[in-house]
Structure formats: C-alpha cells, structure tokens
Amino acid sequence: MKDQLNRRSFIHHAAVGSAAVAWLGSKAPMVMSAEADKPAMLGGTPVHKGSWPGWPTWRESWEPAVIEVLRSGRWFRGAGEHVEEFEQAYAKLIGAKRCLATASGTTALLVSLHVLDVDAGDEVIVSPFTFIATYNAVLINKALPVFADTDPATLTIDPASIESRITDRTRAILPVHIYGLPCDMDPINAIARKHKLAVIEDACQAWLAEYKGRKCGVLGDLGCFSFQNSKHLPSGEGGAVTGDSDDLLDRCQAFHNCGRAFGNFKGPRPYFTRGSNYRMQQFQAVILMQQFDKLIKETEIRRAHAQHLTEGLKTIPGIQTVRLPENSNPVWHLYPFRYDADQFNGLSHNKFIRALNAEGVPCGAGYHEQYFDGLLDEAINSRGFKRLFSPARLKAYRESFEELKGNRLVCNTTVAMTQNLLLGSRDDMDHIIEAVRKIHKHSAALAKAS
Ligand SMILES: *Cc1c(COP(=O)(O)O)cnc(C)c1O
C-alpha cells in the first residue's frame, strides 16, 4: 500500500514536474507553463494525471475465512454462526441493541416498512434526493412515496417541508442520510412523535456517521444499511436493519425468514405471519467481519480529506460546500458541493463537470429529478394503485412533484465525487482544489468553447 502510494506520487511528480511546485508551495514563484495553465478541455495539460484508488479493496488475509465457509458446505445462515456473529458485532459498532443482517439494503428497507406496518394504500414521506431503491421500497409495499423537499444547503430532507405533506394515510417518515451526511433528526423525530408516525432511517450510505453523539441507524425506530459492492463496508450484496426494540427486531427476523416465528414474536402455528426470504449468506458475513478496522481507518481518512477539500473549495467563488447539522459527523459516501454557474461566467453545470473530468477528476451531477422518469407514473396508473387511492389523490400527488423547488435546485447544481477519490493522497486532494480553481480562472473561455 505504502509502496504503491510512493510509486504513484513519484510518477505523478515526474510527470507534472515544475507545474506542481506552483500550487504546492504557497509563496512559490508561478513557474507554470502556459500549457499547464490552459484548461485540459481546451487542449492543456490535466491537473491530475495519475489514477485514483480502486474500489472495492481486499486483503489476502481474508482468504482463509472465505475458504473455510466454502469447504464447510454451510453456506446459508441457518447452517452456521457467521451471520449471527456479524449481527452482534455490527450492532455493537453502531451502538444499537439489535441488528438483523439482510440480503441487501433494499430488502432491509422492505423488512422495516413491513414491520412498521406500512400497508397497501398508506403513504410514507420520503427524501427525493436519494438512490432509487428508497422510492421502490415504498412502492413495492403498494404505498405512496410522498416527497418532502430537499434543503439546498444540506442536501438532506428539509424538516420544515414535512408537516404540510402529512395526510390521514401517512404512516412513516423515511429520511435518507445521503452521501453519509446526517439528516437533522431532532425536528424530524419531533414531527413523527406529534403525528404518531414511525421513523425509518435510510442509512444505506451512512455507516459510522454521527448525529449529536449517536450513530446514524439508531436515531429513529429502525435504521437500514447497505453492503453493496460500492459501499464503504462491501460484501457484493448485503444489508442490515438496526434498532433498539426487541419486539420490532423479532418481527424483522420472522418476516425476513419466510414468516417463521422468532423470539417473542410467535403464534400458535409455525407460519402465522407473512414473510419472505431476505436472508444474508455466510459468505457475505465472513467478508464483512474482516472489514471493521478497515472501515474505521478509511472513514478517518475520508473525513480528513473531505475537510481539506472543504477548506480549499469554499474559498473559490461559486462553490458552496455542504452545511452540516450542529454536532454531526458525516462519512462522505460521496463528496458533494453545489455549483453556481453565474460565478463561472455562465459555464453550465454539465460543462463544468466535463471540464473537471478533463482535468483528471472523475465526478458527476448526483441524482436527477427521478420522479419525472416514469416509474411513479407507471405505479399510479397501475390497477393496484388505482384501487388503493382516489383519482383526486393521485392527481394531486403527481402535481406535487412540481413543488420540489429545493430539490430541483439541488439536482441542477450539485457536483459529486465518489468516496474512493477521498482515499487518495493529500496531493490528490490539492489537485481537485486546483482543478476547480483553474476552471474558475478560465471559465469565460470554457463557456464560449463548444
Ligand atoms: C445503496 C442504497 C440503497 C439500496 O441498497 P442495496 O444494497 O443496493 O439494495 C438504498 N438507499 C440508498 C440511499 C442507497 O445508497
């Protein structure tokens, strides 16, 4: 790892040569060549020429544990102890009383919505700025995902936009700690208590994120996590539900295991409740068990590098870094900022992203206005939803997407980099800042170019 880094930075310095000196030393003379100063999109040299860390990463030391499961033939959770070991260890890590491992983050959401009694014809208030799985989990339960607005300063659900969206059908609020940025949970929980609603945290991007001294995933009734390949704690696929209520977690266990009785949640016959199969495999559990220290160390690196980026980027006019809730500590599944084209001579959001990509900094626009994609039209025009909701409700629902002004602004102005970039070197972070500064300096020329 260390060798790799040294080699990479050596190659990098050899390649960029004296240009690197110009932006690393604060008082260094600007010996930047015209070529290096020119935006890469206009034929200049990219600020960052090396590669970025790959993802996922693993260690040879994990191999015996995986082979052991393979050779045992005890691959499913009922035949071995690894999934339970993982559940106990993860609960401890998050500070939850209980944890249930699931096949994925999506199935963790499905389990949670079911046990918190979100039924056909109900409504759930959801954050719109999220991965599509959050919408789908509600829809699959034949409930309506009602979108609250996004706060452009925080990128998370705007608590002030929740209450006006509550109807007599609302059962739950589903805030999303998107990009590992904790939602402002106190006002959300206060609204939930006032209206007797359940709170399910979508913490599928927020392993170890903190809000007021506690971890995301224990701040509502149930928390949902994902261990999909791209996530900070990956096992290909995988997920977990966390919480402090034995009653709820026993119900989760039963539901995710074909409705079989579990703990205090039992009936007179073995199959007394609905259920499905959302079980985690032993292979997933042993891979996850190897990664706790790695997750903790990498989280520290991402946090330190994100802070460095924020300090550099916020000095550039037109770049707005995220505002965090008081006393919170994010984990940066992506590193986002908002972009104001007016401060960049009208250089469009899209073109800014292309210019930054050309400088060797991979990034994208985050989530778009997905509710206009057609999946919700398909749902509300389906036979089932038409049976469950009145035409007037479905019409008002469809029209309500136009009210999401904060979310529209966020979708049109966000720039986000994936977490693996934050695992680069400190020099790599300086490249990102310098690339944005270079684009700002040349924004007029970039805006004119096609
Ligand atoms: C990844 C993710 C999910 C779904 O998790 P899977 O494990 O892919 O099913 C849900 N919500 C958010 C915000 C996610 O990022």
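1. Section: the pairing of strand 5 (residues 198-202)
- Counting buried positions along strand 5 yields five of five residues, so the element is predominantly enclosed.
- Burial along strand 5 is two-sided: the residues Ala198, Ile200 and Asp202 and Val199 and Glu201 are all buried.
- Note: strand 4 (residues 170-174) against strand 5, two bridges, orientation parallel. Each residue of the ladder has a partner; that of isoleucine 173, found in strand 5, is valine 199.
- Note: strand 5 against strand 8 (residues 222-226), three bridges, orientation parallel.

2. Re the pattern of salt bridges
- Per the stated rule, a full pass over the model turns up 21 salt bridges.
- A salt bridge links glutamate 163 to lysine 194; its shortest N-O distance comes to 2.6 Å. Linking glutamate 163 in the loop between strand 3 (144-147) and strand 4 with lysine 194 in helix 8 (residues 185-195), this pair joins segments that are 31 residues apart in sequence.
- The class of lysine 194 is exposed, set by a relative accessible area of 58%.
- Through salt bridges with shared partners, a single network forms among Lys97, Arg98, Asp246 and Asp250.

3. Quick look at helix 16 (residues 405-413)
- Gly406, Asn407, Val410, Cys411 and Thr413 are the residues of helix 16 that are buried.
- In this fold, the buried residues of helix 16 make contact with strand 12 (334-339), helix 12 (349-358) and strand 13 (414-418).

4. Some thoughts on the sheet that holds strand 3
- If you trace the seven strands from one edge of the open sheet to the other, you get 1-9-8-5-4-2-3, paired in mixed fashion. Sheet topology places strand 1 (98-102) and strand 3 at the edges, where each strand pairs with a single neighbour. In this sheet, adjacent strand axes meet at a mean angle of 25° when their direction is disregarded.
- Running over the sheet, helix 6 (residues 105-115) touches strand 1, strand 2 (123-126), strand 4, strand 5, strand 8 and strand 9 (239-243) and is turned about 165° from strand 8.

5. Some details on unusual backbone geometry
- Across the junction of tryptophan 55 and proline 56, the peptide omega takes the value 0°, indicating a cis bond.
- With respect to the helices, strands and loops of the structure, proline 56 is situated in the loop between helix 3 (34-37) and helix 4 (63-72).
- For aspartate 117, which is not glycine, the phi torsion reads 65° and is therefore positive.
- Assignment of secondary structure puts aspartate 117 in the loop between helix 6 and strand 2.
- Judged by relative accessible area, aspartate 117 falls into the partly exposed class, the value being 41%.
- With phi around 70°, leucine 155 is a residue other than glycine that occupies positive phi space.

6. Observations regarding the environment of valine 83
- Summarising the element assignment, valine 83 is placed in helix 5 (residues 82-94).
- Along the sequence, valine 83 and arginine 165 sit 82 residues apart, while their C-alpha atoms lie 39 Å from each other.
- Not counting chain neighbours up to four residues away, the residues in contact with valine 83 comprise Arg77, Ala101, Met280, Gln281, Gln282 and Ala285.

7. A word on the nonpolar core
- Counting residues in hydrophobic clusters, the biggest one holds 83 residues, and the most contacted among them are Phe86, Tyr90, Phe147 and Phe227.
- Ile178, Tyr367, Val410 and Val436 belong to the second largest nonpolar core, which has 42 residues in total.

8. Focus on the side chain of arginine 77
- Take arginine 77: it is sitting in the loop between helix 4 and helix 5.
- Relative accessible area serves as the criterion here: at 10%, arginine 77 is assigned to the buried category.
- A polar contact of 2.8 Å, which involves the side chain of arginine 77, links it to the side chain of glutamate 87.
- With residues near it in sequence (within four places) discarded, arginine 77 still touches Val83, Glu84, Glu87, Leu100, Ala101, Gln253, His256, Arg279, Met280 and Gln282.

Cut-offs used in this document
- Residues numbered from 1 in each chain as written.
- Predicted model: local features only at pLDDT ≥ 70, side-chain atom pairs only at ≥ 80, totals over all residues.
- Heavy atoms only, no water.
- Buried < 20%, exposed > 50% of the residue type's maximum accessible area, 1.4 Å probe, protein only.
- Helix = DSSP H or I, 4+ residues; strand = E, 2+ residues; numbered from the N terminus.
- Pairing = 2+ DSSP bridges.
- Salt bridge = Lys/Arg side-chain N within 4 Å of Asp/Glu carboxyl O.
- Contact = heavy atoms within 4.5 Å.
- Axes fitted to C-alpha atoms, helices over the stretch in contact; angles between N-to-C directions.
- Core = buried A, V, L, I, M, F, W, Y, C linked by side-chain atoms within 4.5 Å.
- Polar contact = N/O pair within 3.5 Å; in protein donor to acceptor, adjacent residues only side chain to side chain.

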